[in-house]
Amino acid sequence: MSSVAFSSACAAKAGSFKDEGKNTRDWRFYVKNSVASTPPRNLEFPETKTRNLQKSVRIGVLGASGYTGSEIIRLLANHPYFGINLMTADRKAGQSIASVFPHLITQDLPDLVAVKDADFSTVDAVFCCLPHGTTQDIIKGLPRSLKIVDLSADFRLQDVAEYEEWYGQPHRAPDLQKEAVYGLTEILREDIQKARLVANPGCYPTSIQIPLVPLIKANLIELTNIIIDSKSGVSGAGRAAKEANLYTEIAEGIHSYGVTRHRHVPEIEQGLSDAAHSKITVSFTPHLMPMSRGMQSTIYVEMAAGVTVDDLYQHLKSAYEIDNLVKGASGQAIQNLNLMLGFPENTGLQYQPLFP
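Residues numbered from 1 in each chain as written. Predicted model: local features only at pLDDT ≥ 70, side-chain atom pairs only at ≥ 80, totals over all residues. Heavy atoms only, no water.

**What to know about the overall build of the protein chain**
As a reminder, the rule being used: Think of it this way: any DSSP run of H or I at least four residues long counts as a helix, any run of E at least two long counts as a strand, and we number them from the N terminus. Any residue under 20% of the maximum accessible area for its type is buried, any over 50% is exposed, and the rest in between are partly exposed; the area is computed with a 1.4 Å probe on protein chains only. Residue contacts are defined here by distance: any two heavy atoms, one from each residue, within 4.5 Å place the two residues in contact. Residue burial considers only the protein chains on display, and all accessible areas are found by Shrake-Rupley using a 1.4 Å probe.
Counting its regular elements, the protein chain contains 11 helices and 13 strands. In the protein chain, buried positions account for 53% of the 356 residues. When contacts within the protein chain are restricted to residue pairs at least 6 apart in sequence, those whose partners lie at least 24 apart make up 73%. As displayed, the protein chain has an accessible area near 16,500 Å², and 50% of this comes from carbon and sulfur atoms.

As structure tokens, this is what we get:
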């Protein structure tokens, strides 16, 4: 049995496969954008479908003062059909977004309000960028007419008992959990298109499931001994002040955290198990890197009998560029809402990669 290691990497980096057996051969391959650049034929929309819809979809951003919220605001500046009508940030209520994020000063946006003061009759869809554990009650109280993409972990796990085990509190909206669709766009497009509530995946699970799920479904790799070594930029930990995220704690070093108990483990295993139709467990070790954003997951697997590295390469023509804020959070959220509202999924996301 042969083993193989490959990477799901961040901006402008090549993914690579390296055969660890006798024949060592590197394959390098690239992707043009941080989302799939060519959707299936049935998702290609005629130009007439989206003509004359300039900023016609009214958007609310809940938790706009956090990193994922601000990234959605930045990305939507380039979106031809989504216009922001409402932004909430309880601790920053009454302030302009420019006072919180000066780089957004050129956008004409409403002032921030508290969630309790938000008028949801002024929006058609909502991006919920609130902390884990606070989202369930808020989404439960939103009008049923709204399309919702939730960027927290509150609706990602299908089993509410598993949510309580890993997040330390009971799930407060179990009926909504039954309705929620997991938003890994490249894998679950058709389900997302029909959804009202989408649970946007975590950054690590996105970087891991996108390459592994197709290989599992094609029976190209063994379902045991999957080892994942992931690295993330510091913004993945959020904007709240934490001692472990201070400059002097992070700079010029690297450290693992959440070993054996990281909250993304059940999400990763849930997605891989669904693909395999049997229980899969993984060995997952995340690391915090001294950089603002970016993500790389190096994954070690055993190839199925008779399978070669070239077989894996042919099945995965492109490596996916993943970072913890765009494809790993806000960009995938926009990609999902595009699908939910019938727009081409890469609308508003055709940016050049960030570098440096």
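**Considering the side chain of Q177**
Operational definition: Whenever two N or O atoms come within 3.5 Å, that pair is a polar contact, provided that in protein one can donate a hydrogen and the other can accept it, and provided that, for residues adjacent in sequence, both atoms are side-chain atoms.
As for its position among the elements, Q177 is in helix α5 (residues 174-179). Look at Q177 and you get buried, because its relative accessible area is 6%. Of the polar contacts made by the side chain of Q177, one reaches the side chain of H171; its length is 3.2 Å. Look past the residues within four positions of Q177 in its chain and what remains in contact with it is D154, F155, R156, L157, Q158, V160 and H171.

**Some details on the packing of aromatic side chains**
The condition that has to hold: Centres within 6.5 Å make a pair out of two Phe, Tyr or Trp rings, where for Trp the six-membered ring is used; the pair is then stacked when the planes are under 30 degrees apart, edge-to-face when over 60, and tilted otherwise.
Summed over all chains, the structure comprises four aromatic pairs. Ring centres of Y81 and F343 lie 4.7 Å apart, and the angle between their planes is 10 degrees; this geometry places the pair in the stacked category. One end of the pair, Y81, is in the loop between α1 (67-76) and β5 (82-88); the other, F343, is in the segment after α11 (326-340), and 262 residues separate them in sequence. Of the two residues, Y81 and F343, neither departs from the other in class, the shared state being buried.

**As for the pairing of strand β10 (residues 226-232)**
For clarity, the cut-off: Strands pair, by our definition, only if DSSP identifies at least two bridges between them.
Where burial is concerned, the two faces of β10 differ: the one with I226, I228, S230 and S232 is buried and the one with I227, D229 and K231 is not. As judged from the seven bridges shared by β10 and strand β12 (residues 282-288), these two strands associate in the parallel manner. If you follow S232 over to β12, its bridge partner there is L288. Relative to strand β13 (residues 295-302), β10 runs antiparallel, the two being bridged by six bridges. Across the sheet, residue D229 finds its bridge partner in β13, namely T298.

**Some remarks on the pattern of salt bridges**
Should their charged atoms come close, side chains of opposite charge can pair. How we decide: By convention in these notes, a salt bridge is any Lys or Arg side-chain nitrogen within 4 Å of a carboxyl oxygen on Asp or Glu.
Enumeration over the complete set of coordinates arrives at 14 salt bridges. With its nearest N and O atoms 2.8 Å apart, the salt bridge here joins R74 to E71. With R74 and E71 both in helix α1, this residue pair falls three residues apart, about one helical turn. Judged by its relative accessible area of 4%, E71 is buried. Where R172 meets D137, a salt bridge forms, and the shortest distance between an N and an O atom there is 2.9 Å. One end of the pair, R172, is in the loop between α4 (160-167) and α5; the other, D137, is in helix α3 (residues 135-140), with 35 residues separating them in the sequence. One connected set of salt bridges, linked through shared partners, spans E71, R74 and R293.

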